[in-house]
Amino acid sequence: DQQVKQNSPSLSVQEGRISILNCDYTNSMFDYFLWYKKYPAEGPTFLISISSIKDKNEDGRFTVFLNKSAKHLSLHIVPSQPGDSAVYFCAASENSGGGADGLTFGKGTHLIIQP
Amino acid sequence: DTAVSQTPKYLVTQMGNDKSIKCEQNLGHDTMYWYKQDSKKFLKIMFSYNNKELIINETVPNRFSPKSPDKAHLNLHINSLELGDSAVYFCASSQGLPGQETQYFGPGTRLLVL
């Protein structure tokens, strides 16, 4: 049972345009959400996160939006750059109490930025 | 300096062997994790560990055991390796405190069991 879903295996976007990656979740206990970027043969690299008490978090070109009622979050990258080409993983945790919970990951979306 | 490091990066071994993968973090974090990325590219938690408790994903076979000699290290021991253990294994660490749940990952260890 997939609790975190990324329904688009791949996404192609032209350089300079906006990339929008989507993620849905089913577990209403999730209260912390993260996006990771992964290049081949490397570990996931943390990009940006959002707590369930917020609906938006912005860091430079990256913005994450959270819609709790729809159990949906999205990552916006603007403007998209060639170096953004990678696999993007959405992840979630039930971590309001802190501690040692693992993250639940989506299957990833391969973002391809075209020149 | 690499924040979370793993050795070896590649591991090829025969079925039935026992092997270990090492993980070290220099971030001063209290909690460490092991994840498995299978052939379908799903990243799944195997263990999380801090100095107080070990939390095991119930789907992980008991042939897998984490060992932590100190707070900066969490090694993964695998006994009687099976073909299905072939995967990429990622170590991660976090502060493990409310509001500091972000986990930082190592580069992965690619295990191939023949």
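Residues numbered from 1 in each chain as written. Chains lettered and ligands numbered in written order. Predicted model: local features only at pLDDT ≥ 70, side-chain atom pairs only at ≥ 80, totals over all residues. Heavy atoms only, no water.

A. Structural detail: the nonpolar core. With 23 residues, the main nonpolar core has Phe33(A), Trp35(A), Leu73(A), Leu75(A) and Tyr88(A) as its most contacted residues. At 4 residues, strand E9 (residues 86-93) of chain A tops the list of elements feeding residues into this core. Not counting residues within four places of it along the chain, the set of residues in contact with Leu73(A) comprises Leu21(A), Asn22(A), Cys23(A), Tyr25(A), Phe33(A), Trp35(A), Val64(A), Phe65(A), Leu66(A) and Cys90(A). Residues Cys23(B), Leu74(B), Leu81(B) and Ala87(B) belong to the second largest nonpolar core, which totals 19 residues. (Core = buried A, V, L, I, M, F, W, Y, C linked by side-chain atoms within 4.5 Å. Buried < 20%, exposed > 50% of the residue type's maximum accessible area, 1.4 Å probe, protein only. Helix = DSSP H or I, 4+ residues; strand = E, 2+ residues; numbered from the N terminus. Contact = heavy atoms within 4.5 Å.)

B. Fine view of the state of the cysteines. Summed over the entire model, instances satisfying the criterion amount to 2 disulfides over all chains. Disulfide pairing is shown between Cys23(A) and Cys90(A); the S-S distance is 2.0 Å. Given an S-S torsion of about -75°, the disulfide between Cys23(A) and Cys90(A) has left-handed geometry. Taken together, the residues span a long stretch of sequence, with Cys23(A) in strand E3 (residues 19-25) and Cys90(A) in strand E9 at a distance of 67 residues. Accessibility expressed as a relative area gives 0% for Cys23(A), which makes it buried. You can call Cys90(A) buried: its relative accessible area is 1%. A sulfur-sulfur separation of 1.8 Å characterises the disulfide bridge that pairs Cys23(B) with Cys91(B). Judged by the torsion about the S-S bond (-75°), the Cys23(B)/Cys91(B) disulfide is left-handed. Placement of the pair is Cys23(B) in strand E3 (residues 19-25) and Cys91(B) in strand E9 (residues 87-94), with a sequence separation of 68 residues. In terms of burial, Cys23(B) and Cys91(B) fall into one category: buried. (Disulfide = S-S within 2.5 Å.)

C. Highlighting the pattern of salt bridges. Enumeration according to the criterion identifies 4 salt bridges over all chains in this entry. Asp84(A) serves as the salt-bridge partner of Arg61(A), at 2.8 Å between the closest nitrogen and oxygen. With Arg61(A) in the loop between strand E6 (56-59) and strand E7 (62-67) and Asp84(A) in the loop between strand E8 (72-77) and E9, this residue pair connects regions lying 23 residues apart in the sequence. Here Asp85(B) makes a salt bridge to Arg63(B), at a shortest N to O gap of 2.8 Å. Residue Asp85(B) is located in the loop between strand E8 (75-78) and E9, and its partner Arg63(B) is located in the loop between strand E6 (54-56) and strand E7 (64-67); the two are separated by 22 residues in the primary sequence. Asp85(B) gets classed as buried once you look at its relative accessible area, which sits at 3%. By relative accessible area, Arg63(B) is classed as buried at 12%. Linked through salt bridges whose partners overlap, the residues forming this network are Arg63(B), Glu82(B) and Asp85(B). (Salt bridge = Lys/Arg side-chain N within 4 Å of Asp/Glu carboxyl O.)

D. The arrangement of the sheet that holds strand E1 (residues 4-5) of chain A in detail. All names here are of chain A. Pairing within the open sheet is antiparallel, and its 5 strands lie in the order E1-E3-E8-E7-E6. Edge strands, defined here as strands with exactly one partner in the open sheet, are E1 and E6. For E7 and E8, the ladder comprises 6 bridges, and the chain directions are antiparallel. Following the sheet pairing, Phe65 is matched in E8 by Ser74. (Pairing = 2+ DSSP bridges.)

E. Representation of a nonpolar patch on the surface in the model. Together, Ile18(A), Ile20(A) and Val78(A) give the surface a local cluster of nonpolar side chains, amounting to about 230 Å² of exposed area. On the accessibility criterion, Ile18(A) (41% relative accessible area) is partly exposed. (Patch = residues over 30% accessible without salt bridge, like charges linked within 9 Å, V, L, I, M, F, W, Y side chains within 5 Å. Areas by Shrake-Rupley, 256 points an atom, 1.4 Å probe, with all protein chains shown as cover.)

F. Highlighting the environment of Asp38(B). Residues and elements named next belong to chain B. Within the fold, Asp38 resides in the loop between strand E4 (31-37) and strand E5 (43-49). For Asp38, a relative accessible area of 23% puts it in the partly exposed group. Put simply, Asp38 and Asp85 are 47 residues apart on the chain and 8.6 Å apart in space, counted from C-alpha to C-alpha. Within the local environment of Asp38, its side chain forms a polar contact with the backbone nitrogen of Phe42, the two atoms lying 3.1 Å apart. (Polar contact = N/O pair within 3.5 Å; in protein donor to acceptor, adjacent residues only side chain to side chain.)

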